[in-house]
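# Observations on the model geometry
What follows is each chain in one-letter form.
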Amino acid sequence: MKPKQSLDQTVSLTLLLTALSSGAAPMALAESTVKSAHKELAPTSQLTPDTAATQPAVDALTAAVLAQNPNADALAFDAQSPEVAQTDLSTPSVLTLGSSPQLAASPSLIAADVDTDPMAQVNNVFELRDVSPNDWAYAALRDLVNRYDCIKGYPDSTFRGDRALSRYEFAAALNACMQVIEQTLAEIGDRFATQEDLESLRRLTQEFETELATLSTQVDDLEERVQFLEDSQFSTTTKLFGQTTIGLQGRSRGSFNLGGNTFEDTENNINVIHTTYLSLFTQFNPRSLLLTTLNSGNGRTTDRFTDSLASYVGLAYEGDIDNRVEISDLNYRHLVTNNLAVMVGPKGIGPVNVFRGTNRIENEGSGSLSRFAQRNPIIATGGSGAGAGIDWQINPSVSLQGTYSSNDPLTEGTLFGGDTNITTFGLQVVAAPTRDIDISLQYINSYNPFGRLGAGIGDDLLVIPNFNNQRAPISTDAYGLTLEWRASDRITFGGWTGYTVSDYLPAEGTVETFNWMTFLNFPDLGGDGNLLGLYFGQPPRISYSNLETGRNIPSFINEGNLLGPAGGQQGATYHLEAFYRWRLNNNISITPGVIWLISPFHNGANDDILIGAVRTTFSF
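None of these values were measured; they are calculated from a predicted model.

### Here's the deal with the overall build of the protein
A count of helical and extended segments in the protein gives eleven helices and 20 strands. Relative to its 620 residues, the protein shows a buried fraction of 44%. Partitioning the intrachain contacts of the protein with sequence separation of at least 6 by distance along the chain shows that 65% fall at a separation of at least 24. On the protein, roughly 31,200 Å² of surface is accessible, and the fraction owed to carbon and sulfur atoms is 55%.

### Remarks on helix α4 (residues 138-147)
Because an α-helix completes one turn every 3.6 residues, residues spaced three or four positions apart along the sequence face the same direction. Along α4, the positions that sit buried rather than exposed are Y138, A140, L141, D143, L144 and V145. Of the residues one or two after α4, D149 is the one with positive phi, at around 55 degrees.

### Comments concerning unusual backbone geometry
Unlike most non-glycine residues, F601 shows phi in positive territory, near 60 degrees. Relative to the elements of secondary structure, F601 occurs in the loop between β19 (588-598) and β20 (609-619). Exposure remark for F601: the relative accessible area of 3% places this residue in the buried category. Within the chain, H602 stands out as a residue other than glycine whose phi angle is a positive 55 degrees. Locating H602 in the fold gives a position in the loop between β19 and β20.

### Some points on the pairing of strand β4 (residues 254-258)
The buried fraction of β4 amounts to four of the five residues, a majority that puts the element mostly inside the structure. Relative to strand β5 (residues 261-265), β4 is paired through five bridges, and the arrangement is antiparallel. Note on β5: the bridge partner recorded for F256 is F263. Between β4 and the antiparallel strand that follows it, β5, lie two residues; G259 among them carries a positive phi value of about 65 degrees.

### Considering the packing of aromatic side chains
All told, the structure shown has 16 aromatic pairs when counted by the stated rule. Summarising the aromatic geometry, the rings of F263 and F305 are spaced 5.6 Å apart at their centres and angled 75 degrees between planes, so their arrangement reads as edge-to-face. One end of the pair, F263, is in strand β5; the other, F305, is in the loop between β7 (288-298) and α8 (310-313), and 42 residues separate them in sequence. Residue F263 is classed as partly exposed on the basis of its relative accessible area, which comes to 25%. You can call F305 buried: its relative accessible area is 7%. Centroid distance F519 to Y535: 5.1 Å. Interplanar angle 20 degrees. Geometry classified as stacked.

### Side note on the side chain of T591
Following the sequence through the fold, T591 ends up in strand β19. Relative accessible area serves as the criterion here: at 0%, T591 is assigned to the buried category.

### A short note on the side chain of Q428
Mapped onto the elements, Q428 comes out in strand β12 (residues 423-434). At a separation of 3.0 Å, a polar atom in the side chain of Q428 contacts the main-chain carbonyl oxygen of R356. With residues near it in sequence (within four places) discarded, Q428 still touches F355, R356, I379, S399, L400, Q401, S440, L441 and Q442.

### Observations regarding the pattern of salt bridges
Enumeration over the complete set of coordinates arrives at 13 salt bridges. Of the charged contacts in the structure, one is a salt bridge between R452 and D460, with a shortest N-O distance of 3.6 Å. Assessed through its relative accessible area of 5%, D460 is described here as buried. Via salt bridges that share partners, R251, D265 and E267 belong to a single interconnected network.

### Quick word on the nonpolar core
Looking at soluble globular proteins, one finds that nonpolar side chains tend to be buried together. The biggest cluster of nonpolar side chains holds 38 residues, and the ones touching the most others in it are L309, L462, V463, Y535 and L597. Counting 14 residues, the second largest nonpolar core, distinct from the first, contains L128, Y138, L144 and A173.

### Thoughts on the environment of E318
Assignment of secondary structure puts E318 in the loop between α8 and β8 (326-335). The spacing of E318 and N298 is 20 residues in sequence and 7.9 Å in space, taken between C-alpha atoms. Those residues within four positions of E318 in sequence are excluded, and the remaining contacts are I273, T275, R300, T301, V313 and R371. A polar side-chain atom of E318 sits 3.1 Å from a polar atom in the side chain of T301.

### What about the confidence of the model for the protein?
Mean pLDDT over the protein: 78, with 76% of residues reaching 70 or higher. Note on residues 1-121: pLDDT under 50 across the span, and 189 contacts to partners over four residues away in sequence or across chains.

### Details of a nonpolar patch on the surface
Together, L240, I246, L248, I270, V272, L278, L294, V325, I327, V614, F618 and F620 make up an exposed nonpolar region whose accessible area comes to about 1,000 Å². Mapped onto the nonpolar patch, the elements with two or more residues apiece are β3 (238-251), β6 (271-285) and β20. For the nonpolar patch, the element with the highest residue contribution is β3, accounting for three residues.

### Describing the pairing of β8
Two strands pair when backbone bridges link them, and β7 and β8 are joined in this way by eight bridges, in the antiparallel orientation. By the bridge assignment for β8, L289 is matched with R333. One ladder, built from five bridges, connects β8 with strand β9 (residues 340-349); its direction is antiparallel. Of the residues in β9, the one forming a bridge with Y332 is V344.

### Points about the environment of R452
Inspection of the secondary structure puts R452 in the loop between β13 (437-448) and β14 (474-488). Note on R452: relative accessible area 25%, which makes it partly exposed. Separated by 23 residues in the primary sequence, R452 and S475 place their C-alpha atoms 9.6 Å from one another. Aside from chain neighbours lying at most four places away, what touches R452 is D307, D460, L461 and I474.

### Thoughts on a negative patch on the surface
Together, D220, D221, E223 and E224 line one region of the surface with negative charge. One can find D221 in helix α7 (residues 209-232). Overall, the relative accessible area of 37% leaves D221 in the partly exposed class.

About the thresholds
- Residues numbered from 1 in each chain as written.
- Predicted model: local features only at pLDDT ≥ 70, side-chain atom pairs only at ≥ 80, totals over all residues.
- Heavy atoms only, no water.
- Helix = DSSP H or I, 4+ residues; strand = E, 2+ residues; numbered from the N terminus.
- Buried < 20%, exposed > 50% of the residue type's maximum accessible area, 1.4 Å probe, protein only.
- Contact = heavy atoms within 4.5 Å.
- Areas by Shrake-Rupley, 256 points an atom, 1.4 Å probe, with all protein chains shown as cover.
- Pairing = 2+ DSSP bridges.
- Phe/Tyr/Trp six-rings, centres within 6.5 Å; stacked < 30°, edge-to-face > 60°.
- Polar contact = N/O pair within 3.5 Å; in protein donor to acceptor, adjacent residues only side chain to side chain.
- Salt bridge = Lys/Arg side-chain N within 4 Å of Asp/Glu carboxyl O.
- Core = buried A, V, L, I, M, F, W, Y, C linked by side-chain atoms within 4.5 Å.
- pLDDT = per-residue confidence, 0-100.
- Patch = residues over 30% accessible without salt bridge, like charges linked within 9 Å, V, L, I, M, F, W, Y side chains within 5 Å.
- Lys, Arg positive; Asp, Glu negative; His and termini not counted.
- Charge placed at Lys NZ, Arg CZ, Asp CG, Glu CD.

This is the structure we're talking about:
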C-alpha cells in the first residue's frame, strides 16, 4: 500500500485562500456538482463540519481547485482514493504536487477548532514572528488569519510555514475555513450573486453581444447629434422653428353669375404660391416664453375676385403679402399653475391661436389643402390681433380656453369698438369623454365695422356696405360644435357644424349663416407620417336675412338687384376634397389633392369648379 502523500504547509494555506476567493463555498452550499477530467464527483454539500475523513477532504480540495481552474485537465483527482496524481503547475498560488521527504503526518494541527491546548490565541499575522511580508504566501496567510479568522499559530507565536502538513491536518483546517464561509453566507443571505448567476450573466452577454455593440454605436451617434444641435442652436434661450410651403395649383375654366352679370373665370393657368413662417421661441424660465413669428409670401388663387370667388377657392397655405416680411405673432405665454396658462401680446391673439384644435391636422402645411376644410369657420370669426387669452385644464377630461382681441387698437386708441377696429371675444370648452373621442363647443362674439364674419370662407360678406366708406357695422354671435372620433389607430371620423346670427347695428335687420363638414382621416396610410383625408361639406351660407332694402346680399349676388326682397340663399354650394400627404422624411412632405366645388356662390346655375394642387412643405 502506498504511503499517504504529504503537502507543503505553506502551499496548502495558499490553496485555502484560493478556495475562499474562488467561490467554492457558495457552490457547495448550492449543492452544485463538480466535474473532474475523468468523472463526476459527488455533490460537495455532503461535506459536514464534523467530517475528518480523508475522502471528504479530498472532495473539498477537488472542488476548490476546479473552481479556480475548471479547465485544468491535468488535475486528475480520484474520488475513491486519497492519492493525488502528479502534475506540474508552475504558479505558486495554485496547488503544487510533488515528492516530499516527510511522509508521516505531523501531530500538530493548525486549525484552531482542533487545537485542545489552552494556549493564547494568535489573531493577527503580525504576531507571528517567523512570518515576513517578503514571504510569497504572506498575503494568503494574512487573509486567513486576519480576515477569515480560521488559521491560528503556535503558542510560541510562530507559524512554522516550512514544515510538512498531513492530509488530516489539511482537512481539519479546510473544514474550519468552510465553517467561517458558511456562517458568513448565512448572514449575507441572497443579497449577492451565486456562481450560477454569474455564469448566466456571461451567457447573456455573449448571446446579445451584437445587440450591445449596436446600442453602443447608437448611443455614440445620439451623443454626436446632441452635440451638433447644441452647437447649432440659435441661442441658449431662443430656438428657431420654420416652415416653408410651396404650392403648385390650377383650376378648371368656367363661368358664374355675380351681381347680375356673367363672368368667365380665366385664371385657370397653373401658378405657384409660396409662404414662409419663422417662429422664435424665447424661453425666460421653464414656465414662460415669448413667441415671435415672422411671415412672408407671394401668390394667390385669384387676383380678379379677391372678395368673392376667393372665399370658395381659397387655399389654406395662401399668404400673399408681395414678399414683404411681417410680424404675425408677438405674445408672451406663461404657465401660472400646472393647469392654467395665460398669454398676452400685441400680435397673434385670437381664437385660432388660443383654442385647442379638435381636428388634429389643422396645420396649413400638413393638413387639408383648402381653407374651408382646415377648421370650423366659426373659430376664425373676427380674427386676431392684440389681446389676451387663457387655457385652463379643468380636469383630465375637460379644458376651457378664452380670448379677447382687437385687430387695430393703435389706430382707434382703444381695445373696444371704433370705426375700423374689429374686436373678438371667444370661449371654447373641449371634452374628452373617452380616450378616442374629442368634443368641442365654441362661442364667439365679434364686432365688425365692415359687415363681414372675418373667416373669408363662403358667404363671408353679410351686409352690402356703404359705397363711400365701406362701413356696415354688425355684431355677431357664433356657435360651433366639433367632434372627432378615433375609431382605430388608422381611422378617424369627425365633423363640425357652425351657426351665426349677426345684427346690423345702424338699423333693424338680422342675418343668419350655417355651415357643416364631415371628414375621414386615415393616419399612417402607406407609411408613418402619411395621411389620407376625405372631406365633404357646405361652406357658410346665408340661410336667413331680413335686412332693409339695399343691404341684402343674396338678392344682389344672384340677381344684381339692390332693391330686391329680403331672404337667404336659394341654392347651396357643396365642397368635396381628397388629399394624400406623403412624408418623405421628418422635414419634407408632399401633398397632392383635388377639390370639387359644386354650385359655387350657392347658385346652381354656376359651373362647378375643379381644383388640383400639389403642396410641398419644408419644416426645420
